[in-house]
Amino acid sequence: MKGLRLEMLCIDKEIIHLHQSKQQQMDVSIIIINYNTRELTHACLQSVYAETAGLRFEVIVIDNASVDGSREFLSSLTFKNYRYCYNDENLGFSRANNQAAAMAAGNYLFFMNSDMIFLNNVPLILKEHMERHSEVGILGPCFRNPDMTLQISCRNFPSLVFGCLKFFPFLKLFLSREATEYYQKERDYSSVQEVDTVSAGALFIRRQLFETIGRFDEFSFMYAEDADICRQVRDRGLLVVFQPAAQLVHYGGQSSQLNSSKAIWSYYFAFYHLYKKYYFGRLAIMVKPLFLLRAVVALAANMVRKDKRITWQDK
């Protein structure tokens, strides 16, 4: 009933297109958040429907108040089992994904950014892996840059050492590489492996587990939700796994470049709350000025950057 109530809310907010007359059971619900990326979202959808086969799937696109013509264009598409919902305000990443998950009919949820292109049958590969391995809670596919080089999509969970280095970079001179490793650039990404965190830009999870966890924590407008949900899954004794057989192209930072200043504020606000949740608790107020100061420095640096995208390589 929860999904029904939320779908009615979308109708109240003018759900523009609905090509599913009744809720039917699906294997996978593919969830895409659109924010002023009309053409990229269309290309993403075309690749999803071109490559995905061998399972029952639906696609839910949540539009966070785009003003680039997305509403008119994406609402007119006639893909099978395709739903498009337009929000009158930008709800952010976590809230919009939770909105879509509440109306999803799939046994599995596949959260995707809109700036992605499938290179093979990604949902089927991930679903079959998950069904063979009950100990796996979250799967992440392999990301490729547009030139087909590897794009790193795995991280360690942010440690206190990593947090200190964000504010005092000179400390890296006194620490070992193992102590400071966060970006996971040295891994062999040709093999299936357990990791701390995979990017929420393409995150595959059982719907039942997602509901048990309580969905994405909405502490931030965007960012850090992947580190948080992967940590919650690992704390339950389940694995977060990188699966390189599933491959897609990720352009990266296409929405964030439209308002990079807000993206930077969101990044530091999100990580402040992540550190508050897992490390500092009520004492977090004591370190909050450091996060604010670091955000101001990052904003100043962004003013002279030509490339305004905020990608996973920047986080």
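Treat the numbers as computed from the prediction; the structure is a model and nothing was measured.

### Topic: the environment of F73
Thought 1: Within the secondary structure, F73 sits in helix α3 (residues 70-74).
Thought 2: With a relative accessible area of 27%, F73 lands in the partly exposed category.
Thought 3: Considered as a pair, F73 and R38 are 35 residues apart in the sequence and their alpha carbons are 7.6 Å apart.
Thought 4: In contact with F73, not counting residues within four places along its chain, are R38 and H42.

### Details of the pairing of strand β2 (residues 26-34)
Thought 1: Within β2, nine of the nine residues are buried, which leaves the element mostly enclosed by the surrounding structure.
Thought 2: Examined bridge by bridge, β2 and strand β5 (residues 106-113) share seven bridges and lie parallel to one another. Each bridged residue has a counterpart across the sheet, and for I30 the counterpart in β5 is F110.
Thought 3: Inspection of the sheet shows β2 paired to strand β3 (residues 57-64) by seven bridges, in the parallel sense. Bridging across to β3, S29 finds its partner in E58.

### Description of the nonpolar core
The nonpolar side chains of soluble globular proteins are, as a tendency, buried together.
Thought 1: Core analysis: the biggest nonpolar cluster contains 34 residues, and I30, L45, V59, Y82, F110 and M112 have the highest contact counts within it.
Thought 2: With four residues, helix α5 (residues 122-132) is the largest single contributor of residues to this core.
Thought 3: Setting aside anything within four residues of it in sequence, one finds V59 in contact with I30, I32, L45, V48, Y49, N81, Y82 and R83.

Rules of the game
- Residues numbered from 1 in each chain as written.
- Predicted model: local features only at pLDDT ≥ 70, side-chain atom pairs only at ≥ 80, totals over all residues.
- Heavy atoms only, no water.
- Helix = DSSP H or I, 4+ residues; strand = E, 2+ residues; numbered from the N terminus.
- Buried < 20%, exposed > 50% of the residue type's maximum accessible area, 1.4 Å probe, protein only.
- Contact = heavy atoms within 4.5 Å.
- Pairing = 2+ DSSP bridges.
- Core = buried A, V, L, I, M, F, W, Y, C linked by side-chain atoms within 4.5 Å.

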